[in-house]
Amino acid sequence: MSQSLPSLEALNALPRVQQPSYPDPQVTAEVINQLRRLPPLVFAGECDDLRAHLGAVANREAFLLQGGDCAETFAGVNAANIKGKLRVLLSMAVVMTYAGQLPVVKVGRIAGQYAKPRSKDTETRRGLTLPSYRGDAVNGFEFTAEAREHDPKRLVGVYNASAATLNLVRAFATGGFADLRGIHAWNADFVRNSNVEARYEALASEIERALVFMMACGVEDDQLSTVDFYASHEALLLDYEHAMTRVDSRSQLLYDCSGHLLWIGERTRQIDGAHVEFLRHVRNPLGVKLGPTTTGEEAVAIADALDPDHEPGRLTFITRMGSKAVRTNLPRVIEAVEATGRKVVWSCDPMHGNTFEADNGYKTRSFADVCDEVNGFFDVHEELGTWPGGVHIELTGDDVTECLGGIDKLAEADLTNRYETACDPRLNRNQSLELAFMVAERLAD
Ligand code: PEP
Ligand code: MN
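Bear in mind the structure is a predicted one, so any value in this text is a computation, not a measurement.

Undergrad: Looking at this structure, I do not really get the overall build of the protein chain. What am I missing?
TA: Looking only at helices and strands, the protein chain features 13 helices and 14 strands. Over its C-alpha atoms the protein chain spans a radius of gyration of 21 Å, differing by no more than 12% from the 22 Å that the globule rule assigns to 445 residues. Structurally, the protein chain occupies a C-alpha span of about 65 × 55 × 45 Å along its principal axes. By the burial criterion, 58% of the 445 residues in the protein chain qualify as buried. Once local pairs closer than 6 in sequence are excluded, the contacts in the protein chain between residues at least 24 apart make up 76%. About 17400 Å² of surface is accessible on the protein chain, with carbon and sulfur atoms providing 51% of the total. Computed over 45 positive and 63 negative side-chain charges, the separation of the two mean positions in the protein chain equals 2 Å.

Laid out in structure tokens, this is it:
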């Protein structure tokens, strides 16, 4: 890894896609300079800790749970929303830890997930064509010319929203909320009317009994009352990510201090492109999404660029092949990368290869397809003797109706009830827990 960061101008001279087009370069430059002066949002040592935890995942000693919104919104920066997401992620992690009997590394798509790549630059409604919504980092969701204009000042909004979110996440992670002895309370606000609820309650009671036993034996450990929780997002906007990069005073190495783990999306992972070139230079643990058309050679070229030292934990390949292609296309990618001798984390994103438009126009996913891809992912790894290291899920703590199926058997007609996502459809709380139980069963096999 090189120590000197390419200038933003040098990055911008490389092939680059999915970037905003700001109207006034002067204003953009001022915003970037402002961001460069602001304190880091995360610290180099925390990024190193996460890389070490992911190293354990790469070495088959742990499992990765990464999840959160497709797109966070500025309006969603409030206590209830953040708490809800944390609660569902912690509940899922507990289910997986207990059944799988191994540590679960917890990473949110949170505190920075504000920019979205889009397949189309524009959107047309009733004869009016406007720029697509690219996340609150770039423009507004509202379908008006004014809202959809790209505004660099929103990047300061991203910084502030991320700082406020991280502050609360840190407080929840260490301030008592995440105490395992409160495991029943994480569920308290939800109606307990489903099988999945009953199953969770039974598991929580079992864990509670084990904890009481441990305490009676005199075991008291901080590990039971706090959690390590990390923040991640797609490193999409080069202006923002470059401006948030700092030299660590301890090691003199570069870290992108906008989040602990940064990933490169399926649309921006070109080997000669600006995103790969930029992230090559930072020490954070990195993720790369791999879609169904990925070849073994492509994956190896990306790994060579981002993980030249074969460092377990440095690179997480997040495969999102779709429920059909996972069984046919994933094996060749795994085999090619494993043949290089390096250990990467293999994580399954069962969301992005399974999106479709329902008859009533809603963008949705079927819970059955999601489960099918996860099962395919486990089967493929089982056949190859490799480690299915983790899952990457779009979810929310709320009882939204965005994905079909699951324990509540959501149908297309139900999508209208609570369809609240700013971008892709998310699993609701019950669907997330149900998936956690399924993953736990596969881990326990
Ligand atoms: C996402 O994670 O929201 C996303 C856009 O994913 P992908 O790059 O895999 O399409
Ligand atoms: Mn998405």
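Undergrad: What's the story with the packing of helix α2 (residues 25–37) against helix α6 (residues 154–174) in this structure? I'm lost.
TA: Between α2 and α6, the shortest axis-to-axis distance is 9 Å and the interhelical angle comes to 20 degrees. The orientation of α2 with respect to α6, classified from their angle, is roughly parallel. Residues Val 31, Gln 34 and Leu 35 of α2 lie in contact with α6, whose contacting residues are Leu 155, Val 156 and Tyr 159.

Undergrad: I keep staring at the pairing of strand β5 (residues 229–234) and nothing clicks. Help me out?
TA: Extensive coverage of β5 is indicated by the burial of 6 of its 6 residues. The side-chain alternation of β5 yields two buried faces, one formed by Phe 229, Ala 231 and His 233 and the other by Tyr 230, Ser 232 and Glu 234. Strand direction decides the pairing type here: strand β2 (residues 104–109) and β5, joined by 4 bridges, are parallel. Across the sheet, residue Arg 109 finds its bridge partner in β5, namely Ser 232. Pairing geometry for β5 and strand β8 (residues 261–264), over 3 bridges, is parallel.

Undergrad: Can you help me understand the site of ligand 1 in this one?
TA: Lining the immediate surroundings of ligand 1 are Cys 70, Arg 109, Lys 116, Pro 117, Trp 263, Gly 265, Glu 266, Arg 267, Lys 289, Arg 320, His 352 and Glu 394. In the model, an oxygen atom of ligand 1 is placed 2.8 Å from a nitrogen or oxygen of the Arg 109 side chain. Of the residues contributing to the shell around ligand 1, the split by class is 3 nonpolar, 2 polar and 7 charged.

Cut-off values and rules
- Residues numbered from 1 in each chain as written.
- Chains lettered and ligands numbered in written order.
- Predicted model: local features only at pLDDT ≥ 70, side-chain atom pairs only at ≥ 80, totals over all residues.
- Heavy atoms only, no water.
- Helix = DSSP H or I, 4+ residues; strand = E, 2+ residues; numbered from the N terminus.
- Rg over C-alpha atoms; globule rule 2.2 N^0.38 Å.
- Buried < 20%, exposed > 50% of the residue type's maximum accessible area, 1.4 Å probe, protein only.
- Contact = heavy atoms within 4.5 Å.
- Areas by Shrake-Rupley, 256 points an atom, 1.4 Å probe, with all protein chains shown as cover.
- Lys, Arg positive; Asp, Glu negative; His and termini not counted.
- Charge placed at Lys NZ, Arg CZ, Asp CG, Glu CD.
- Axes fitted to C-alpha atoms, helices over the stretch in contact; angles between N-to-C directions.
- Parallel < 35°, antiparallel > 145°, perpendicular 65-115°, else oblique.
- Pairing = 2+ DSSP bridges.
- Near = heavy atom within 4 Å.
- Polar contact = N/O pair within 3.5 Å; in protein donor to acceptor, adjacent residues only side chain to side chain.
- Nonpolar A, V, L, I, M, F, W, Y, C, P; charged D, E, K, R; others polar.

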